[in-house]
Amino acid sequence: MKKIFKVFAIIVSCIFVITSVTAAAGCGFLNGFIPPSSNQEDLPPNKDDELNGDNDNNNENDSDGDDNNDDDNVGGGDGEGDNDGNQNKPPFTPHESAAGIANRLTKENEKIVNFSQGASPDFIWADGYSNGNMFNCTWRKSSATVKDGVMSMSVSKEGNGYAGAEYRSKNKYSYGFYSVCMKPAKCSGVVSSFFTYTNKPVWDEIDIEFLGKDTSIVQFNFYTNGKGDSEFIFNLGFDASLDFHEYAFDWSANGIVWYVDGVAVFRATATSQKALPSHSMQIMMNVWNGIGVDDWLGSLNNAALPAKAQYKWFAYAPSSN
């Protein structure tokens, strides 16, 4: 009888460990493959001062001292998994620019906001103003909720106009690894994003953007001193709006590498015509509808509103370089 009890206890312990590991992963890990814009804002002066301020972290947010370039090998380190069928093979093909770059997943201690623990006092929701230009919504804190470990942000009708949502850090962050576990809104005319941004002293920005007209693609982009035109469209091979996945970029003085579920998929480097962003930036995410940019976003599908994007967590690991 004692032997039976011991065997039963071991089985229960194993089940608990497996459940804990998969729950901790929680983003892209259970999807059958490797575990895994322009957002220019002419903010009103009072908002700009409040949100940008002089808080410049400059790599002071490292809670564990890890070197974010100490890449983790995922799925056997070759991106092809263990070879029993396509179990660990991603449904996408990385761009040739990412060849030879190691896989990199977010570590638990790199997460700076985990919505299973609620919202963060270091981040705020934009409220009561509009960016204007191509942004055809008013930012509303009421358009965002945190429930059951997920932050939801929506675009919805508001009187004769629209309400959108934006969440941003109070502080600024420099070179490092930035990642998010998210599920974008599926609605033509709507953008769901995760990005870094500053307009002081110049406009620098690095983007991960989803266009709701086709959530099987993701758009990577960056701006340096206000100059963009660096978009790269990546085919995911899956509908990003159906499940949570991990999306990330590793920003250094030498380049920007974007990742999907831990796999490096595209790398941008400086050219003689264009430098890379170099100024510390806020971490931001927003959901908004456009105006005058139907050729980019598609016309707004009012019948699909409210359009909701969801976020489980996001992370930052400063570079040691």
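Residues numbered from 1 in each chain as written. Predicted model: local features only at pLDDT ≥ 70, side-chain atom pairs only at ≥ 80, totals over all residues. Heavy atoms only, no water.

J.: How do you make sense of the pairing of strand E13 (residues 255-260) when you look at a structure like this?
T.: Each regular strand displays side chains that alternate between the two surfaces of the sheet. Within E13, six of the six residues are buried, which leaves it mostly tucked inside the rest of the structure. Side chains of E13 alternate between two faces, with Gly255, Val257 and Tyr259 and Ile256, Trp258 and Val260 buried alike. As paired strands, E13 and strand E14 (residues 263-268) are joined by five bridges and run antiparallel to one another. Bridge pairing links Ile256 to Ala268 in E14. (Buried < 20%, exposed > 50% of the residue type's maximum accessible area, 1.4 Å probe, protein only. Helix = DSSP H or I, 4+ residues; strand = E, 2+ residues; numbered from the N terminus. Pairing = 2+ DSSP bridges.)

J.: Can you help me understand the packing of aromatic side chains in this one?
T.: Aromatic rings considered in pairs are described by the distance between their centres and by the relative angle of their planes. Taken as a whole and judged by the stated rule, the model has 24 aromatic pairs. Taken together, the aromatic side chains of Phe115, Phe123, Trp125, Tyr167, Tyr173, Tyr175, Tyr178, Phe194, Phe249, Trp251, Phe314 and Tyr316 make up a single cluster linked through ring pairs. Between the NZ or CZ atom of Arg104 and the centre of the ring of Phe177, over which it lies, the distance is 3.9 Å. The cationic tip of Lys157 hangs over the ring face of Tyr162; the distance from NZ or CZ to the ring centre is 4.6 Å. (Phe/Tyr/Trp six-rings, centres within 6.5 Å; stacked < 30°, edge-to-face > 60°. Lys NZ or Arg CZ within 6 Å of the ring centre and 35° of its normal.)

J.: Sorry, what's going on with the nonpolar core here?
T.: Where a protein is soluble and globular, its nonpolar side chains tend to be buried together. With 64 residues, the main nonpolar core has Phe194, Phe220, Tyr247, Trp258, Tyr311 and Phe314 as its most contacted residues. For this core, the element with the highest residue contribution is strand E16 (residues 307-318), accounting for five residues. Excluding anything up to four places from it in sequence, Phe194 contacts Tyr178, Ser179, Val180, Met182, Ile206, Asp207, Ile208, Phe249, Ile283, Met284, Met285 and Phe314. (Core = buried A, V, L, I, M, F, W, Y, C linked by side-chain atoms within 4.5 Å. Contact = heavy atoms within 4.5 Å.)

J.: Hey, could you run me through the pairing of strand E10 (residues 217-223) in this one?
T.: Counting buried residues in E10 gives seven out of seven residues, a clear majority hidden from the surface. Burial along E10 is two-sided: the residues Ile217, Gln219, Asn221 and Tyr223 and Val218, Phe220 and Phe222 are all buried. As judged from the five bridges shared by strand E9 (residues 204-211) and E10, these two strands associate in the antiparallel manner. Bridge pairing in E10 places Ile208 opposite Phe220. Hairpin connection of E9 to E10: five residues between the antiparallel strands. Pairing geometry for E10 and strand E11 (residues 232-235), over four bridges, is antiparallel. Paired with Ile217 across the bridge in E11 is Asn235.

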